[in-house]
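Fold and contact review
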Amino acid sequence: MSKLLKIFLIFFFCLIFFSFRLLDVPRGITIDEAAFGYNASLIAETLRDENGRFLPVFVLSLQGRDWRQPVAQYMQVAMFKIFGRSLFNLKFVSVLAASFSGLLIFLLGLKILGKKFGFLALAIFLTTPVVVIHSHLALDNISPLPFILLWLFGLRSFNDKKNYRYILLAGVSLGISFYAHKSMRSAVPVWTILTVLYLFFAHVKNLKPFSLRKYKPLILFLASIAPFYIISPLLNYKYAGAVYGFDAIGFSSIYSFFNFYLSNFDLSFLFVKGDTILHHSTGIHGMFLLAALPLLVYGIYLAFKEKNPFFIFLVSCFFAGPLLLGLTGSIHRASRIIFLVPFFCLISAYGGLRLLQFKERLLKNALLVFSFIFILNFFDFINYYWFKYPQDTYHIFYSPVGIDAYKKLDKISKKENLTPLISADLLKTAEDSGTVEDFARSLYFVKPNAFTKEQSSLPQKSVLLTRDKFFKEGKKTDSGVENYFLYNSD
């Protein structure tokens with residue numbers, strides 16, 4: 001099998017796996033998904049966001065309460081522009097991010113320790129609960145993963161080929177990830193420092209003699225990532241709070257700092273319960289599979305025992321990534337530390353690969369038992385998530401039923417050549433439910449024609465969508481959606 005065909009098949013399998021029951025799990029959308037979708041529709045059609053800003057780097061949404069980060073937002077814009085506006089296409093952007101990450105982790109594993117290691121890393125990635133869950137959410141939490149993997153791929157490729165374009169790839173990718181999700185503002189600075197140290201010890205080794213050629217990897221890396229830092233104060237000034245956020249950052253005591261930092265490595269949180277918010281977790285499964293814990297521990301042990309520089313670097317990044325979160329008071333939020341997934345998968349796969357190399361019969365039999373337990377653990381999670389989680393959590397999601405009503409309005413207006421009108425009460429956005437309504441409407445009507453109570457009558461050759469079931473004009477038509485009513489002008 002050719003390498004290109006293998007790459008295609010892996011990517012295609014990831015697409016199928018992550019998109020399975022995409023519109024059924026969960027049953028509804030979050031308010032943040034609605035905000036992303038609404039602005040993706042507006043920008044794709046008008047090049048302006050809900051505030052009238054022309055192609056903004058950050059989009060202010062939810063009545064000025066939250067900023068949409070640019071990577072996910074503009075991926076959704078591109079998806080809508082190329083393939084059309086729909087809830088499926090909005091969510092499919094996350095499927096693409098997860099699938100591309102799966103392919104990248106395989107290619108990185110292939111480069112590090114060969115094909116078997118690549119498939120192990122991919123298998124752990126595909127079975128990681130927090131990845132599966134966020135592949136079904138049209139949010140930006142999963143957006144950093146491809147760029148984190150490209151950064152690691154660039155570093156590893158430079159080790160092997162000494163081609164400086166890989167250093168540039170590493171710097172630019174890590175720089176882009178800085179703007180992929182708010183949590184990356186804490187991880188990227190720490191990883192930048194660790195990357196410089198890694199490049200120094202791997203390629204410089206000692207301070208003397210000094211030469212620019214000797215320090216070229218460090219210089220190129222810093223030069224490629226520096227623009228992303230330099231522009232951040234300007235962006236934060238233009239989009240107040242979009243870069244550095246509104247959360248209070250402080251250091252009240254060494255104990256509070258370590259309380260927040262170490263909570264990110266609470267084993268019960270990581271491997272048993274998961275995120276405190278059920279939008280991002282099942283509540284009964286960790287962000288990682290419990291059965292993968294021995295692999296992670298063994299992988300960490302091997303990294304130092306075998307003195308493998310790259311894996312020591314990965315372990316350092318894994319434990320140092322949430323360091324600055326100790327200043328923000330974030331506790332047990334898997335959705336904010338999803339950036340740990342690439343390191344977890346690679347380190348765990350390292351432990352798994354060494355276990356596969358055992359020759360003793362007893363150990364091989366133990367490995368078979370462990371593999372069976374791992375499969376059972378994953379099946380328990382995926383069976384619950386795909387088929388029981390939607391029913392157990394439907395009440396915490398918003399139901400975008402209005403999509404079908406607007407679809408019916410669009411269909412009738414085009415089929416009968418009528419002017420589509422939307423009642424003013426459906427255009428109000430004072431509450432969060434209004435944002436969901438905005439999103440549902442924007443899939444078919446970016447610039448709606450409003451019908452207000454002040455208008456004396458329904459215009460000729462028009463069709464009205466309203467929540468008023470007692471509207472006295474026109475012929476009533478079934479919308480097919482509860483609490484939405486259609487009236488054709490006589």
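Coordinates for the structure precede this section.
Since the structure is predicted, the reported quantities are computational estimates derived from the model, not experimental observations. (Residues numbered from 1 in each chain as written. Predicted model: local features only at pLDDT ≥ 70, side-chain atom pairs only at ≥ 80, totals over all residues. Heavy atoms only, no water.)

This brings us to the nonpolar core. Ranked by internal contacts, the top residues of the largest apolar core, which has 120 residues, are Phe-18, Trp-151, Trp-191 and Phe-343. For this core, the element with the highest residue contribution is helix 4 (residues 87–113), accounting for 12 residues. Beyond its immediate chain neighbours, meaning those up to four positions away, Phe-343 contacts Ile-148, Trp-151, Leu-152, Trp-191, Leu-314, Cys-317 and Phe-318. Grouped together as the second largest cluster of nonpolar side chains are 35 residues, Ile-403, Val-436, Val-481 and Tyr-484 included. (Core = buried A, V, L, I, M, F, W, Y, C linked by side-chain atoms within 4.5 Å. Buried < 20%, exposed > 50% of the residue type's maximum accessible area, 1.4 Å probe, protein only. Helix = DSSP H or I, 4+ residues; strand = E, 2+ residues; numbered from the N terminus. Contact = heavy atoms within 4.5 Å.)

Once that is clear, we can look at the sheet that holds strand 4 (residues 450–451). With mixed pairing, the five strands of this open sheet are ordered in space as 4-3-5-7-6. What marks the edges here is a single partner per strand, and that holds for strand 4 and strand 6 (475–478). Against the sheet, helix 19 (residues 402–415) touches strand 3 (419–423), strand 5 (462–466), strand 6 and strand 7 (485–488), its axis set at about 175° to strand 5. (Pairing = 2+ DSSP bridges. Axes fitted to C-alpha atoms, helices over the stretch in contact; angles between N-to-C directions.)

Both the distance between ring centres and the angle between the ring planes are used here to describe each pair of aromatic rings. For the coordinates displayed, the defined rule picks out 45 aromatic pairs. Measuring from ring centre to ring centre gives 6.1 Å for Trp-151 and Phe-343, while their planes differ by 70°; the resulting arrangement is edge-to-face. Placement of the pair is Trp-151 in helix 7 (residues 144–161) and Phe-343 in helix 16 (residues 341–356), with a sequence separation of 192 residues. As far as burial versus exposure is concerned, Trp-151 and Phe-343 are alike and both buried. (Phe/Tyr/Trp six-rings, centres within 6.5 Å; stacked < 30°, edge-to-face > 60°.)

Side chains three or four residues apart in an α-helix point the same way, a direct result of the helix having 3.6 residues per turn. Taking 1.5 Å as the rise per residue, helix 16 with 16 residues should run 22 Å; its terminal C-alpha atoms sit 22 Å apart, in good agreement. For helix 16, a buried count of 14 out of 16 residues is recorded, marking the element as mostly surrounded by other parts of the structure. (Expected span 1.5 Å × (residues − 1).)

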